[in-house]
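Structural description and commentary
Residues per chain are reported as follows:
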Amino acid sequence: MAVSRRGFIRVIGGAAIGAAALGGGLHSCDGMPASAVAPWRGPLTTETDPRRRALAWALLAPNPHNMQPWLVDLRREGEILLYVDATRLLPETDPFARQIVIGHGTFLELLALAANADGHACSIDYFPDGEPAADAMDHRPLARIRLSRGNAVADPLFAQIPHRRSTKEPYEAQALTGDHLRGLQGAHQSANAALIISNAPELAARLRSLTERAMLTELETPRTLRESIERTRIGADAIAAQPDGIDLHGPLFWWLSKLGLMTAEKAMIPGTMAYQGGIDYALGWARATPAFGWLVTTGNDRISQIEAGRAYVRLNLKATELGVAMHPVSQLLQEYPEMAALQQDFRMAIGAAAGQTVQMLFRLGYSAAVPPSPRRPLDALLMS
Ligand SMILES: Cc1cc2nc3c(=O)[nH]c(=O)nc-3n(C[C@H](O)[C@H](O)[C@H](O)COP(=O)(O)O)c2cc1C
């Protein structure tokens, strides 16, 4: 679960402000550190290597838990080798690294969009040294990318990269307009992943209820909860030191952590403000979801996962262009035993056929704009 600062504050704010006041008034800073969001400005204008220019946009891709699990080798002239960073996996909620590979598909799509906008054709070979099995990852590259000048068609979606967000907020109680529905469906081009968007009130209600129960399962299963907590950065200093994971900052979190109310230990203990705040927050937005979309592939091999990621981020960019908020909710799709029964109910609700894999499930709706999430600088992704 990723928790956005604004919504979390809304949920636990009342109780916590009393506690903070006891500590002597609200601290006025602890904002998002400028260094953590500097990558959203894109490449430096002085950057001469087109690979680095394209990568500077690619690292803004949506990715599970914002772990940014990308490793890049630029040591061979004219070539980018993309690897999975095995230190940035989610073994409890993503035991087969399916979501991690989807998060490489999103990266590759932004890389291609950026290279094309920069006047370079981009050829991508998946798994140039062979494809790992669908239930394991290994140390071979996930893709080899070559850029060449010319023959590039710039895609208007490129312009949306700096504005794209995963909007982790409650949405207005308003179905998607027909124009927006058609806009999203029309933008979907993937031959590998089918897109379904449901605005239908009855199915949306069923999916809200299943999403809530899946959220609770994740949050009430100690090892999956711990996985999120270990990836949570509380306060500007922690975010500046590790600009990844789930970021919580602002005066309230500053005080809560100073008062010892917002610690990793507390967040694991039912009944504490830290534990309950996370649950109430997640259920709050799960309930405020007028429409859902999902991407389905017929197989579940690694290339299908990459293609699903590419299709997902294109939709996310198109939604940005249209002013539609979008947010993945992956709990129902996750492959761990406690989720299996709910996953079956979800598959029945949407009529998934045997053999089909739902790669992405996401909320759709309308919400105010949210700020960007942290990113590591490009150099942190490079293999030396
Ligand atoms: C495969 C995949 C699964 C994701 N699952 C979830 C999820 O279950 N819950 C959630 O809040 N965000 C989810 N996200 C969104 C990420 O948390 C988000 O991309 C990341 O925090 C960076 O934020 P940004 O997309 O606003 O840049 C997922 C993203 C991807 C690519």
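Let me sum up the structure you'll find in this document. Going along each chain's sequence as written, the residues are numbered from 1 onward. With the structure being a predicted model, the display of local features is reserved for residues of pLDDT at least 70 and the display and counting of side-chain atom pairs for 80 or more, all residues being used for whole-chain, interface and lining totals.

**Comments concerning the environment of L60**
Counting through the fold element by element, L60 comes out in the loop between α3 (50–58) and β1 (70–73). As a C-alpha pair, L60 and L364 span 304 residues in sequence and 20 Å in three-dimensional space. Here, residue contact means that the backbone-derived C-beta atoms of the two residues sit within 7 Å. Beyond its immediate sequence surroundings of up to four residues, L60 is in contact with P39, W40, L110, I161, P162 and R375. Secondary structure counts use DSSP, requiring at least four H or I residues in a row for a helix and at least two E residues in a row for a strand, with both numbered from the N terminus.

**Points about the sheet that holds strand β2 (residues 79–84)**
Strands were regarded as paired on the criterion that DSSP finds at least two bridges between them. In space, the 4 strands of this open sheet follow the order β1-β2-β4-β3, with antiparallel pairing throughout. Looking along the sheet, the strands with just one partner apiece sit at the ends: β1 and β3 (120–126). Recorded for the sheet is a direction-independent mean angle of 25 degrees between the axes of neighbouring strands. Judged from the 7 bridges that link them, β3 and strand β4 (residues 143–149) form a sheet pairing that is antiparallel. Residue pairing in the sheet places S123 in a bridge with R146 of β4. Lines are fitted to the C-alpha atoms to define the axes, a helix being fitted only along its stretch in contact, and any angle between axes, read from their N-to-C directions, falls within 0 to 180 degrees. Relative to β3, helix α4 (residues 98–117) is tilted by about 160 degrees, and along the sheet it contacts β1, β2, β3 and β4.

**Quick look at the pairing of β2**
Exposure in this text rests on C-beta crowding, where 20 or more other C-beta atoms within 10 Å of a residue's own make it buried, 12 or fewer make it exposed, and counts in between make it partly exposed. The C-beta atoms are placed from the backbone. Here β2 shows one buried face, formed by I80, L82 and V84, and one open face, formed by E79, L81 and Y83. Examined bridge by bridge, β1 and β2 share 4 bridges and lie antiparallel to one another. Directly across from V72, in β2, lies its bridge partner L82. Taken together, β1 and the strand that follows it, β2, pair antiparallel across an intervening segment of 5 residues, in which G78 is found at a positive phi of about 75 degrees. In this structure, β2 lies alongside β4, joined through 4 bridges in antiparallel fashion. Its bridge partner lying in β4, I80 is registered against I145.

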